[in-house]
Amino acid sequence: MLLAVCSVTAFSQEQDNKWSARINFDPISTGFTKNSNSFAVGLTFYRNIANNVDFGMGFKLQENWKFNGAPAIPVFVSAHYDKQSRTTSPILDFETGIGLLPSDFGHSSYFLNPMVGVRINNLGISVGYQGSVAFGYDQASWGSGMNIRLSYYLSNQRGQNEYSRFIEYLRTTSLLVSLGYEIASADKKYFEENMSTAAINLAWLFPVCENFEMGPSLGVNLAVGDIDFIYLPIALRSRYNFKQATFAKKFYPWLQLDLGGAFRNGGDYKVGSFLARPAVGISMDVRGGKSALDLSVGYSSVGAKTTHEYAGDGKKHYVGNVGIALGYRF
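Residues numbered from 1 in each chain as written. Predicted model: local features only at pLDDT ≥ 70, side-chain atom pairs only at ≥ 80, totals over all residues. Heavy atoms only, no water.

1. A look at the environment of Leu100
Along the chain, Leu100 falls in strand S5 (residues 88-100). Here Leu100 falls in the partly exposed class, since its relative accessible area comes to 30%. Taking the C-alpha atoms as reference points, Leu100 and Val75, separated by 25 residues in sequence, lie 7.4 Å from one another. (Helix = DSSP H or I, 4+ residues; strand = E, 2+ residues; numbered from the N terminus. Buried < 20%, exposed > 50% of the residue type's maximum accessible area, 1.4 Å probe, protein only.)

Right, here's the structure in full:
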């Protein structure tokens, strides 16, 4: 998802007039997950391909209003019809894609979502049919529902400056990719296997003030060895770069803190807990300061419990991880 968003910033200003974007909020969204009373927020990017017709891609976060289920992350392609030269226009949308379940990727689902509505200036409202079918079930059935969508258009195609400012702001953000290895300090009384993991992590950071950044972080931790243990850390990352302490013209230290959760269902272990992950590191500027190499050392704590009837006590115990990571900042 982040790569798709960031790829938009690679286009020059001369090409920006072919792109449009909108922020979406679905206060009612049924037929997509087992939780019927759900909502969704998301972002869609379009490129004009014909008169009044756009094609693009997007993503959203879907959760039930009680906040007691497993959130879904639908990723999709979209076709959009809109008489963009008019202040008021009917709008037609068709979205189709995969609804990812971070808590259980094996039971993600295919979905489609046609919609009809109206746009007035930069505000839109639509209603649509929403249907889906989940993967990984022997007798999965097609689920049907509906959604109501409220949209705000970020587009310079309608004589507005919001989109241009949005694109310029995106160019100040950073995408971080890191690979690491975490050594676990699990209690052997409850976890007999090796709980150490190899980790990959993506983070999208936005400037808040000088040298301070915040943004979402998503990763995958895969246990090293024969044990079936994978968990997905999802967090809000805060990072302060001590660029005032730069030495040798390209090296500077930084501090980082991830706060969020770790999710995993299936296998012999279940994970679902608060995650705190502080780290300290050093960066080396490359490509004239446009990118950087990161080296860091950190600590994280995640809860896990055994599900085998003959192993462990079935209760949650926290596993501490000390890790080292090498990353690249785009």
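After that view of the structure, there is still more to cover.
2. Regarding the pattern of salt bridges
Following the criterion strictly, the structure yields 9 salt bridges and no others. Ionic pairing is found between Asp258 and Arg237, a salt bridge with its closest N-O pair at 2.8 Å. With Asp258 in strand S13 (residues 251-264) and Arg237 in strand S12 (residues 230-241), this residue pair connects regions lying 21 residues apart in the sequence. A relative accessible area of 5% places Arg237 in the buried class. Note that Arg239 and Asp294 form a salt bridge whose closest N and O atoms lie 3.0 Å from each other. Taken as a pair, Arg239 in strand S12 and Asp294 in strand S15 (residues 291-306) lie far apart in primary sequence, 55 residues in all. Asp294 shares its class with Arg239; the two are buried. Via salt bridges that share partners, Asp26, Lys60, Glu95 and Arg149 belong to a single interconnected network. (Salt bridge = Lys/Arg side-chain N within 4 Å of Asp/Glu carboxyl O.)

3. Considerations on the packing of aromatic side chains
For the coordinates displayed, the defined rule picks out 7 aromatic pairs. For the pair Tyr110 and Trp142, a centre-to-centre distance of 6.4 Å together with 50° between the ring planes defines the contact as tilted. Taken together, the residues Tyr110 in strand S6 (residues 109-120) and Trp142 in the loop between strand S7 (123-134) and strand S8 (143-154) connect sequence positions 32 residues apart. An angle of 75° between the planes, with centres 4.8 Å apart, marks the rings of Tyr240 and Phe242 as edge-to-face. A relative accessible area of 26% places Phe242 in the partly exposed class. Above the plane of the ring of Trp254 lies Arg239, whose end atom (NZ or CZ) is 4.0 Å from the centre. (Phe/Tyr/Trp six-rings, centres within 6.5 Å; stacked < 30°, edge-to-face > 60°. Lys NZ or Arg CZ within 6 Å of the ring centre and 35° of its normal.)

Remember, this is a structural readout, not a statement about activity or role.
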